[in-house]
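A structural walkthrough
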Amino acid sequence: MKKFPIKEIYEACESIIVSLIIITLVIVFAFRAVSVDGDSMLPNLHDTERLITTNLFYTPQKGDIVVLDKNNALGKPLIKRVIATEGDTIRIESKTGNVYVNNELLIEDYIYEKIEPANINDLEMTINDGYVFVMGDNRNNSQDSRVESIGQVNTKSILGQAVLRIYPFSEIGVLK
């Protein structure tokens, strides 16, 4: 008569449980799925698209698409692009819609359209330590750092960098 392999079953269960715990920790602490809500990131991100973000060893850099927590004037997570980081000086000209960081004109081939003069006053500020200045790619339809109620964003309010589009399936790919 064959012995029941209790030790082997126990070891297999232990391996499965440890693997599930590790996978759960990686998903919870390293990656997060978020939905795009609204049109402020057109033409690059569309309403209802699903993205994967990561905050693992993440430090915000200019040009990154980030997800901000819901502790803002709109009371919901926001998806925006980092335009300037701590110590940078940002200047936006209302006449032209041009955006300058440290007196260099940003070449923004990712935006939907330039800021219309009616939508902005001239703005110039230096970004505080531990903060970033964010804007939507659809500049004329975005609540972002240009609005006093949002303003400069504390880097602790950044949930992570949006790195991958996972839905719709026809648009799956790495974000730029």
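Above this text sits the structure in question.
Residues numbered from 1 in each chain as written. Predicted model: local features only at pLDDT ≥ 70, side-chain atom pairs only at ≥ 80, totals over all residues. Heavy atoms only, no water.

Thoughts on the overall build of the chain
Across its full length, the chain carries 1 helix and 12 strands. Reading the secondary structure of the chain in the N-to-C direction produces α-β-β-β-β-β-β-β-β-β-β-β-β. Scaling as 2.2 N^0.38, a compact globule of 176 residues should have a C-alpha radius of gyration of about 16 Å, whereas the chain reaches 21 Å, well beyond that. Dimensions along the principal axes, computed over C-alpha positions, put the chain at roughly 90 × 35 × 30 Å. The 176 residues of the chain split such that 39% are buried. The contacts of the chain with a sequence gap of at least 6 include a subset with a gap of at least 24, amounting to 58%. Just so you have it, the chain exposes about 10,900 Å², and 56% of that area is on carbon and sulfur atoms. Between the centroid of the 18 positive side chains of the chain and the centroid of its 24 negative side chains there is a distance of 7 Å. (Helix = DSSP H or I, 4+ residues; strand = E, 2+ residues; numbered from the N terminus. Rg over C-alpha atoms; globule rule 2.2 N^0.38 Å. Buried < 20%, exposed > 50% of the residue type's maximum accessible area, 1.4 Å probe, protein only. Contact = heavy atoms within 4.5 Å. Areas by Shrake-Rupley, 256 points an atom, 1.4 Å probe, with all protein chains shown as cover. Lys, Arg positive; Asp, Glu negative; His and termini not counted. Charge placed at Lys NZ, Arg CZ, Asp CG, Glu CD.)

Some words on the layout of surface pockets
The volume enclosed by the largest pocket comes to roughly 210 Å³. Tallying contributions element by element places strand β4 (residues 78-85) first for the lining of the largest pocket, with 3 residues. Tallied by class, residues from the lining of the largest pocket come to 6 nonpolar, 6 polar and 4 charged. (1 Å grid on protein atoms, 1.4 Å probe; cavity = no way out; pocket = protein on both sides within 12 Å on 5 of 7 lines; lining within 4 Å. Points joined across faces, edges and corners; volume = space filled by probe spheres on them. Nonpolar A, V, L, I, M, F, W, Y, C, P; charged D, E, K, R; others polar.)

A few points about the sheet that holds strand β5 (residues 89-92)
Strand order in the open sheet formed by 4 strands is β7-β6-β5-β8, and the pairing between neighbours is antiparallel. Two strands close off the open sheet at either side, each with one partner strand: β7 (104-105) and β8 (123-126). (Pairing = 2+ DSSP bridges.)

Some details on the environment of Glu8
With respect to the secondary-structure elements, Glu8 resides in helix α1 (residues 6-30). Judged by relative accessible area, Glu8 falls into the partly exposed class, the value being 48%.

Considerations on unusual backbone geometry
Of note, the amide linkage connecting Leu42 to Pro43 takes the cis form, showing an omega dihedral of 5°. In this structure, Pro43 sits in the loop between β1 (31-35) and β2 (50-54). Cis geometry marks the peptide bond from Tyr167 to Pro168, where omega comes out at 5°. Despite not being glycine, Thr48 shows a phi value in the positive range, around 75°.

Regarding the nonpolar core
Soluble globular proteins tend to pack their nonpolar side chains together in the buried interior. Judged by nonpolar contacts, the single largest core of 14 residues is most densely connected at Ile83, Ile90, Ile92, Val99, Phe133 and Met135. When residues of this core are traced back to their parent elements, those giving at least two are β4, β5, β6 (99-101) and β9 (131-135). Not counting chain neighbours up to four residues away, the residues in contact with Met135 comprise Met41, Lys80, Arg81, Ile83, Ile92, Val99, Ile115, Ser142, Asp144 and Arg146. (Core = buried A, V, L, I, M, F, W, Y, C linked by side-chain atoms within 4.5 Å.)

Section: the side chain of Gln152
For Gln152, the location among the structural elements is in the loop between β9 and β10 (153-154). At a separation of 2.8 Å, a polar atom in the side chain of Gln152 contacts the main-chain amide nitrogen of Asn128. Setting aside its immediate chain neighbours within four residues, Gln152 contacts Met125, Thr126, Ile127, Asn128, Tyr131, Val132 and Ser145. (Polar contact = N/O pair within 3.5 Å; in protein donor to acceptor, adjacent residues only side chain to side chain.)

Here's the deal with the pattern of salt bridges
Under the definition given, this model contains 7 salt bridges. Here Arg165 ties to Glu49 by a salt bridge, and the two come within 2.8 Å at their closest N and O atoms. Of this pair, Arg165 sits in strand β11 (residues 158-167) while Glu49 sits in the loop between β1 and β2; the two residues are 116 residues apart in sequence, bridging distant segments of the chain. Here Arg165 and Glu49 have matching classes, each one buried. Residues Asp88 and Lys62 are paired through a salt bridge, measuring 3.0 Å at the closest nitrogen-oxygen approach. Of this pair, Asp88 sits in the loop between β4 and β5 while Lys62 sits in the loop between β2 and β3 (65-68), placing them 26 residues apart in sequence. You can call Asp88 buried: its relative accessible area is 7%. A relative accessible area of 44% places Lys62 in the partly exposed class. (Salt bridge = Lys/Arg side-chain N within 4 Å of Asp/Glu carboxyl O.)

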